[in-house]
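# What the coordinates show
One-letter residues, chain by chain:
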Amino acid sequence: MIDSTYRKWFRLQTQLVVDLTWCSATKIDDVLAAYGISPESTQPARFNADDVDMFIGRLGNGTVIMDYRVDSVTEGALPILAQYGPCLSAVWIDEAPALVSYRTECGLVVKFDMLDWDWYPVPDLASVEQWVAASPAGRETWENSYGLATLITAEALCQAVVDDEWIRSVHTGVASPDALGQEMPSASRSLSSIIEKYGDRTP
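Residues numbered from 1 in each chain as written. Predicted model: local features only at pLDDT ≥ 70, side-chain atom pairs only at ≥ 80, totals over all residues. Heavy atoms only, no water.

## Structural notes on the overall build of the chain
Basically, it comes down to this: In this description a helix means any DSSP run of H or I spanning at least four residues, a strand means any run of E spanning at least two, and both kinds are numbered starting from the N terminus. Any residue under 20% of the maximum accessible area for its type is buried, any over 50% is exposed, and the rest in between are partly exposed; the area is computed with a 1.4 Å probe on protein chains only. Only the protein chains shown count as cover for residues, and all accessible areas are computed by the Shrake-Rupley method using a 1.4 Å probe.
Helix and strand content of the chain: eight helices and eight strands. Counting the 203 residues in the chain, one finds 50% classified as buried. Surface summary for the chain: the accessible area is close to 9,700 Å², and the carbon and sulfur share equals 50%.

## A look at the pairing of strand β5 (residues 87-91)
Convention followed: Note on pairing: two strands pair once DSSP finds at least 2 bridges between them.
In terms of burial, β5 is largely enclosed, as five of its five residues are buried. Here β5 shows two buried faces, one formed by Cys87, Ser89 and Val91 and the other by Leu88 and Ala90. As paired elements, strand β1 (residues 19-23) and β5 share five bridges and run antiparallel to each other. The residue bridging Thr21 from the neighbouring strand is Ser89, located in β5. Alignment of β5 against strand β6 (residues 99-104), held across four bridges, turns out to be antiparallel. Paired with Ser89 across the strands is Ser101, a residue of β6.

## Comments concerning empty space enclosed by the protein
Selection criterion: Here the term cavity refers to a set of points on a 1 Å grid, laid over the protein atoms alone, in which a 1.4 Å probe fits but cannot get out; the term pocket refers to an open set having protein on both sides within 12 Å along at least five of seven lines, with lining residues being those that place an atom within 4 Å of a point. Grid points are joined across faces, edges and corners, and a volume is the space filled by probe spheres set on the points. Under the convention adopted here, Pro, Cys and the residues Ala, Val, Leu, Ile, Met, Phe, Trp and Tyr are nonpolar, Asp, Glu, Lys and Arg are charged, and Gly plus all remaining residues are polar.
Applying the stated criterion to the full structure yields one cavity of 30 Å³ or more. By volume, the largest cavity is sized at about 50 Å³. Surrounding the largest cavity, Ile2, Tyr6, Phe10, Trp22, Leu59, Leu151, Ala154, Glu155, Ala160, Val161 and Val162 form its lining. Those elements that provide at least two residues to the lining of the largest cavity are α1 (4-13) and α6 (146-158). A per-element tally of the lining of the largest cavity places α6 first, with three residues. Here the lining of the largest cavity is composed, by residue class, of 10 nonpolar, no polar and one charged.

## Structural notes on the packing of α1 against α6
Defined as follows: Lines fitted to C-alpha atoms define the axes, with helix axes restricted to the stretch in contact, and inter-axis angles between N-to-C directions lie between 0 and 180 degrees. Angle categories: roughly parallel below 35 degrees, roughly antiparallel above 145, roughly perpendicular from 65 to 115, and oblique for all the rest. Residues are treated as being in contact if the distance between any of their heavy atoms lies within 4.5 Å.
Contact geometry for α1 and α6: axes closest at 10 Å, N-to-C directions at 95 degrees. One finds that α1 runs roughly perpendicular with respect to α6. Here Ser4, Tyr6, Arg7 and Phe10 of α1 come into contact with α6, specifically with Gly147, Leu148 and Leu151. Along the lines of polarity and charge, the residues of the contact of α1 with α6 split into four nonpolar, two polar and one charged.

## Thoughts on the pairing of strand β3 (residues 54-59)
Burial analysis of β3 places five of its six residues in the buried class, which makes it a mostly covered element. Pairing of β3 with strand β4 (residues 62-67), which is carried by six bridges, proceeds in the antiparallel orientation. Along β4, the bridge assignment pairs Ile56 with Ile65. What sits between β3 and β4 in their antiparallel hairpin is a turn of two residues, with Gly60 showing a positive phi close to 60 degrees.

## Topic: the sheet that holds β6
Spatially, eight strands are ordered β2-β8-β3-β4-β1-β5-β6-β7 in an open sheet, and the strand pairing comes out antiparallel. In this open sheet, the two edge strands, each paired with only one partner strand, are β2 (42-46) and β7 (107-113). Taken over all neighbouring pairs, the strand axes of this sheet differ in orientation by 20 degrees on average, direction set aside.

## Digging into the confidence of the model for the chain
Note the following rule: Confidence scores here are pLDDT values: one per residue, from the predictor, ranging 0 to 100.
Summary statistics for the chain give a mean pLDDT of 87 and a share of 86% for residues scoring 70 or more. The element-level mean pLDDT for the chain is lowest in helix α8 (residues 191-198), coming to 44, with helix α4 (residues 125-134) highest at 98. Scored below 50 in pLDDT, residues 182-203 makes 40 contacts in the model with residues more than four places away or belonging to other chains.

## With respect to the pattern of salt bridges
Applied cut-off: Whenever a carboxyl oxygen of Asp or Glu lies within 4 Å of a side-chain nitrogen of Lys or Arg, that contact is scored as a salt bridge.
Counting across every chain of the model gives five salt bridges. The shortest N-O distance in the salt bridge between Arg11 and Asp94 comes to 2.8 Å. With Arg11 in helix α1 and Asp94 in the loop between β5 and β6, this pair connects stretches of sequence that are 83 residues apart. Among the ionic pairs, Glu129 bridges to Arg139, the shortest N-O distance being 3.7 Å. On the criterion of sequence distance, the pair formed by Glu129 in helix α4 and Arg139 in helix α5 (residues 138-144) is long-range, its members being 10 residues apart.

Shown next, in the form of structure tokens:
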């Protein structure tokens, strides 16, 4: 069950993840193909136990993708992944704008900053508000706890949640930055790298 206790636990487990994506109807091979990753470039991995740049695991009917790289290429893979079923993607690290996007086979439905819906909503604010109100989490939860709302929406997509058993299980890791089509920056998880990608929005 998704509640505030689970949100805190999940946040603690995923505090180093930069981009987090739930795909409702994909398999591991589908994800690798969308990213252009050769299966030979992957390795069996346990979450938070192996040093990988991307972590991919089956979750319910689909997959969850956890990308630790600031120069994530998830945005480019989403149109392909969404052809299998709806995908929810969120910038998960605190130092960057809390962007979330929801995409289906028809294209991008909405993209917005969870802290500031007025900040460049796509396609517009009215569409974002309509999607938020109709989402499994509902408007009130999105307004009061966007992290909780994201997880509730993700659970509805995959019909499953990351739990202790999932954390202990072996999934798929991608350790080589070259496998993701670009070189790893020297300080991929540094605050300066995050600001360079997303812009400094501090007051």
